[in-house]
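Structure assessment
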2 protein chains.
Amino acid sequence: MNLVAAPLRLSTTSGNFEQEFTQRLHWSAEQDAAIEQRVADILADVRARGDAALLEYTQRFDGLHAQNVPELELHADELRAAFESLPPVQQQALQDAAARVRRYHEAQRRASGESWSYRDEDGTLLGQKVTPLDRVGIYVPGGKAAYPSSVLMNAIPAQVAGVPEIIMVVPTPHGAKNPLVLAAAHVAGVHRAFTVGGAQAVAALAHGTQTIPRVDKITGPGNAYVASAKKRVFGTVGIDMIAGPSEILVLADGSTPPDWVAMDLFSQAEHDELAQSILLCPDAAYIDAVQREIDRLLPEMPRAEIIAKSLTDRGALIHTRDMEEACAISNRIAPEHLEVSSRDPHRWEPLLRHAGAIFLGAYTSESLGDYCAGPNHVLPTSGTARFSSPLGVYDFQKRSSLIEVSEQGAQELGRIASVLAHGEGLQAHARAAEMRLLPTAQC
Amino acid sequence: MNLVAAPLRLSTTSGNFEQEFTQRLHWSAEQDAAIEQRVADILADVRARGDAALLEYTQRFDGLHAQNVPELELHADELRAAFESLPPVQQQALQDAAARVRRYHEAQRRASGESWSYRDEDGTLLGQKVTPLDRVGIYVPGGKAAYPSSVLMNAIPAQVAGVPEIIMVVPTPHGAKNPLVLAAAHVAGVHRAFTVGGAQAVAALAHGTQTIPRVDKITGPGNAYVASAKKRVFGTVGIDMIAGPSEILVLADGSTPPDWVAMDLFSQAEHDELAQSILLCPDAAYIDAVQREIDRLLPEMPRAEIIAKSLTDRGALIHTRDMEEACAISNRIAPEHLEVSSRDPHRWEPLLRHAGAIFLGAYTSESLGDYCAGPNHVLPTSGTARFSSPLGVYDFQKRSSLIEVSEQGAQELGRIASVLAHGEGLQAHARAAEMRLLPTAQC
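Residues numbered from 1 in each chain as written. Chains lettered and ligands numbered in written order. Predicted model: local features only at pLDDT ≥ 70, side-chain atom pairs only at ≥ 80, totals over all residues. Heavy atoms only, no water.

Considerations on the overall build of chain A
Short version of the rule: Helix numbers and strand numbers start at the N terminus; a helix is a DSSP run of H or I with at least 4 residues, a strand a run of E with at least 2. The contact rule is simple, with two residues in contact once any of their heavy atoms fall within 4.5 Å. Under the convention used here, a 1.4 Å probe and the Shrake-Rupley method define accessible areas, while residue burial counts only the protein chains that appear. In this charge count, Lys and Arg are treated as positive and Asp and Glu as negative; neither His nor the chain ends contribute. Lysine's charge is taken at NZ, arginine's at CZ, aspartate's at CG and glutamate's at CD.
The helix and strand tally for chain A stands at 17 helices and 15 strands. In terms of overall dimensions, chain A has C-alpha extents of about 90 × 60 × 45 Å along its principal axes. Restricting the contact set of chain A to residue pairs at least 6 apart, pairs at least 24 apart contribute 74%. When the accessible surface of chain A is split by element, carbon and sulfur atoms take 50% of a total near 15,800 Å². Side-chain charges of chain A comprise 39 positive and 54 negative groups, with the mean position of each set lying 4 Å from the other.

Section: the interface of chain A and chain B
Threshold: The term buried area means the drop in 1.4 Å probe accessible area that two parts suffer when joined, counted for both and summed. The term salt bridge refers to a pairing of a side-chain nitrogen on Lys or Arg with a carboxyl oxygen on Asp or Glu at a separation within 4 Å. Pairs of N or O atoms within 3.5 Å make up the polar contacts considered here, provided that, within protein, one atom can donate a hydrogen while the other can accept it, and that residues adjacent in sequence are counted only when both atoms are side-chain atoms.
In this complex, chain A contributes 125 residues to the contact, which on the side of chain B involves 124 residues. Between chain A and chain B, the buried area comes to about 11,100 Å², and carbon and sulfur atoms account for 58% of it. Broken down residue by residue, the surface that chain A buries against chain B is led by A:Tyr363, A:Tyr371 and A:Arg436, which jointly contribute 7%. Our count for the chain A to chain B interface comes out at 16 salt bridges. Across the pair A:Glu349 and B:Lys129 runs a salt bridge whose closest N-O atoms are separated by 2.6 Å. Linking chain A to chain B there are 76 residue pairs in polar contact (both at pLDDT 80 or more). Per-element tally for the side of chain A that touches chain B: the top contributor is helix H5 (residues 88-112) of chain A, with 13 residues.

Examining helix H9 (residues 224-233) of chain A
Our working rule: Each residue is assigned to one of three classes by its accessible area relative to the maximum for its type, calculated with a 1.4 Å probe on protein chains only: buried under 20%, partly exposed between the two thresholds, exposed over 50%.
Burial runs high along H9(A): seven of the ten residues are buried. All of the buried residues along H9(A) are A:Val226, A:Ala227, A:Ser228, A:Ala229, A:Lys230, A:Lys231 and A:Val233. Residues of H9(A) that are buried sit in contact with helix H2 (33-49), strand S5 (135-139), helix H8 (198-207), strand S8 (217-219) and strand S9 (238-239) of chain A together with helix H9 (224-233) of chain B. Its side-chain oxygen placed 3.0 Å from the backbone nitrogen of A:Tyr225, A:Asn223 serves as the N-cap of H9(A). Where H9(A) terminates, the next one or two residues include A:Gly235, which has phi positive at roughly 115°.

Digging into the sheet that holds strand S13 (residues 337-341) of chain B
Operational definition: Only when DSSP finds a minimum of two bridges between them are two strands counted as paired. Convention adopted: a line fitted to C-alpha atoms gives each axis, helices being fitted over their contacting stretch, and angles between N-to-C directions are expressed from 0 to 180 degrees.
With respect to topology, nine strands assemble into an open sheet ordered S3(A)-S4(A)-S15(A)-S14(B)-S13(B)-S10(B)-S11(B)-S12(B)-S1(B), the strand pairing being mixed. This sheet does not close on itself; its edge strands, each paired only once, are strand S3 (116-119) of chain A together with strand S1 (8-11) of chain B. Strand-to-strand twist in this sheet, taken as the mean axis angle between neighbours without regard to direction, amounts to 20°. Bridge count for strand S4 (residues 125-132) of chain A against strand S15 (residues 397-404) of chain A is eight bridges, and the pairing is antiparallel. The partner of A:Gly127 across the bridge, within S15(A), is A:Leu402.

Considerations on the environment of B:Leu152
Residue and element names in this part refer to chain B. Here Leu152 lies in helix H6 (residues 148-161). When the C-alpha positions of Leu152 and Ala99 are compared, they lie 9.9 Å apart, and in sequence the two are 53 residues distant. When neighbours within four sequence positions are excluded, Leu152 is seen to be in contact with Leu94, Ala97, Ala98, Val101, Pro157, Ala184, Val187 and Ala188.

Overview of the sheet that holds S9(A)
Hydrogen bonds along the backbone pair up the strands of a sheet, which may run parallel or antiparallel. Residue and element names in this part refer to chain A. Taking strand neighbours across the sheet as the criterion, the six strands line up as S2-S7-S6-S5-S8-S9 in an open arrangement whose pairing is mixed. Each of the sheet's edge strands pairs with one partner strand only, and the pair in question is strand S2 (73-74) and S9. As defined by bridge partners, S5 adjoins S8 across three bridges and the pair is classed as parallel. Across the sheet, the residue bridging to Gly137 is Ile218, located in S8.

Comments concerning the nonpolar core
As a reminder, the rule being used: Within this scheme, the nonpolar core is defined by two criteria: the residues are buried Ala, Val, Leu, Ile, Met, Phe, Trp, Tyr or Cys, and they are joined through side-chain atoms within 4.5 Å.
Among the nonpolar cores identified, the biggest contains 68 residues, and B:Leu94, B:Val151, B:Leu152, B:Val163, B:Met168, B:Val181 and B:Val190 are the most heavily contacted of them. Apart from residues lying up to four places away in sequence, B:Val151 is in contact with B:Ile138, B:Val140, B:Ile156, B:Met168, B:Val181, B:Ala184, B:Ala185, B:Ala188 and B:Val190. Judged by nonpolar contacts, the second largest core, of 67 residues, contains A:Val187, A:Ala193, A:Leu368 and A:Phe396.

What about the relation of the copies chain A and chain B?
Spelled out, the test is: To line up the copies, we fit them by least squares on C-alpha atoms, keeping just the residues with pLDDT of at least 70 in both.
The operation relating chain A to chain B is a screw motion whose rotation component is 180°, with 0.0 Å of axial translation and a residual RMSD of 0.0 Å. Given the turn and translation reported, the copies of this chain are related as if by a two-fold rotation axis. Of the C-alpha atoms belonging to chain A, the one lying closest to the rotation axis is found on A:Ser112, 2.0 Å away. Both copies present the same face, since 99% of the interface residues in chain A are matched by interface residues at the equivalent positions in chain B.

Considering the environment of B:Arg119
Residue and element names in this part refer to chain B. Looking at the secondary structure, you find Arg119 in strand S3 (residues 116-119). Between the C-alpha atom of Arg119 and that of Glu404, which follows or precedes it by 285 residues, the distance is 9.1 Å. There is a polar contact of 3.4 Å between the side chain of Arg119 and the side chain of Glu404.

Some words on the UniProt feature "binding site: Zn(2+)" (unreviewed entry) in chain A
Residues and elements named next belong to chain A. Our working rule: UniProt positions are given in the numbering used here, feature names are shortened, and annotations may be inferred rather than shown by experiment.
The feature "binding site: Zn(2+)" (unreviewed entry), as annotated in UniProt, sits at Gln268, His271, Asp370 and His429 in this numbering. Maximum C-alpha separation among the annotated residues is 56.2 Å over a sequence range of 162 residues, too wide for a single clustered spot. By the secondary structure assignment, Gln268 is in helix H10 (residues 258-269). Non-local contacts of Gln268, meaning those with residues more than four positions away in its chain, are made with Ser246, Glu247, Ile248, Ala275, Gln276, Ser277, His337 and Glu366. A polar contact is formed between the side chain of Gln268 and the side chain of Ser246, at a distance of 2.4 Å. Mapped onto the elements, Asp370 comes out in helix H15 (residues 366-371). Since its relative accessible area comes to 7%, Asp370 is described here as buried.

Right, dumping it as structure tokens:
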């Protein structure tokens, strides 16, 4: 078999650049009406019939037979046993990765997740109290894309936030359990786990069943059914985000060995055929060198077919006028993963406004961030980095405003509130404020 | 007309408390399939035909005739003129409220919205960069519930976050403009404003039209059509939350004048008939006193009919065993507004885990917080305070992870990543990590 990985070559100076660029970026998460209807039916059924419905769907979709839902629970000893069955090098790698991820998220909590308050001159206290969610559900995909690293990346921020109950669901088609996933649940401190998946698992977490407790928020990636179900239960519970295909964008000034960049593009492309890998570079000769490395390295890759299709169908090598233009194009894309493969990455970083994660310098391959650098690998895809953020401790916390108005403060605030409330025609609001005015200050 | 406001009397010691309590709390945001379909059609049409479709729907639903969408823009001079036309006392109240809201949100940004980073022992940099969204849309309801305070509460956090372009949409049925809303847009620093509303306005903001620029996030309350449209465009753009009816819960130890508490219950009930006002108190005689004040004050209220219906259909006065039990019940409700009307509010505050905003002490009426104390009045409703937060500066920012792995750091991280990537069957990930290992350290 003679595989070819031929990413589209574009140049920003070409007349049809805009059109070709836009076309290559296009990816549509159009909702499939048939999937939407099936998901709505599954959600309603599990909500109405609980365990019985969950058991039936698990049998039908996963080929997993059980007498009752309690049989589908993975207990702590089974998770521990899975961990202990691993080769020591894998045990150590999981623990090292977990420790680094935990340390990063603890810094995140300290930097942006603590309660705060202040007092006005008149003694009025204002602030915000930050508290963890009571119970969260993390969805872990099973089957071909079963990633133990995703267990760490979902469970550890929840744990660092202080969530007392973390429930994992993971489908195990025909009963096939992935020992690394179970081991990761052990390492990450998951409290309970069930071998269910799909829209039926989302329904069980959102509404609760006789066996599965209702959670406050559901996070984690999944297929089209899971995504549709999460979107539908949003409001009843919180959700993290709706993930699209994964993407990498490499901004290169030509100083990184071209085989490193080629492999970084592969590491995105190997995820699946819809994944998108893009290189932006002002040096045409360097782009040629990366393409040569792509050709040279491709035959060595076990997942060469997926890589070839992904790069050919969705990849792009874009020649830009300069690095400034490359940064501007990157902002238009708002990529999930953004490598700044430059000898001077801090020169370009301030120009980069939208990205899930920014990997600075030649040594920072995306794969180091995916597994163990510390930051979360659950990142906004498909341009949603314009308005959303990596999964973090903040996703497992919520805030309550704190207000304590002093008697003195109520005098000034009462007058302002009274005027505005009358302006809105809300007289009880006005009266409630006026009642707090001292007799001498009554309007 | 002899109006009666008769909130349900419950006692936690009564045998059927659980059932009656659950029933009274029940509120279902069931999606109306007919509304959903109409909204889907409107979204698709505005997306496809842009201005032309927006103009048609604005004519059909708002009875507002214009030649083209640019005619529907409210320009800066019109907003300023609206402000200047107000009586000085209203001008001053708007400006005072805006200044306090701005000060609070600036404190919020400093406490939880700044970039941060740290370096590992091996020189690896890890952190998060916080940036404002490029452009946001704020939806302001028109018609009977046109609240200028909501303009301040949506626009000011966006402005404090540093959003360079804030677009307001507000329907003006039959061309009736609310001068206080326009004035508030002037005071809050809205950049552009259009007199459109409904699902068609949400569509225009989410997808952009020839005249209305596409935004990155849409915030603000609206009716069932607006809520359905926001939920549907979620993912294409960010949204804040889906609001349900407003609620207040008063925890009272009996030390606050009972007419104050009665008026606070009214101030929630006057919003609309679905609003919910609940009192929790361990003192039965005090509950009687509050009911007497309700009866006495009701006839004075201009919105007495709405108040009477809301309190009778959805209100409750609940006698608890003690304040601890009242706090526990409050946590089950996760109210939007929570007044701790106690002489010792700081004794109870630590027990309160879920609430949009907590108002401490007798002087802190909800109405002071609604207008001018400083914290946001856009709060999670219907129990969603279990997992979501007040609107804040963080809603108008997003985060990008920063990772810069040093050459030395890449040696340790590369080995961990390699083991885990091989375990997941992602060999390109492993190779990308291994390529960064120094020759002596190659696996």
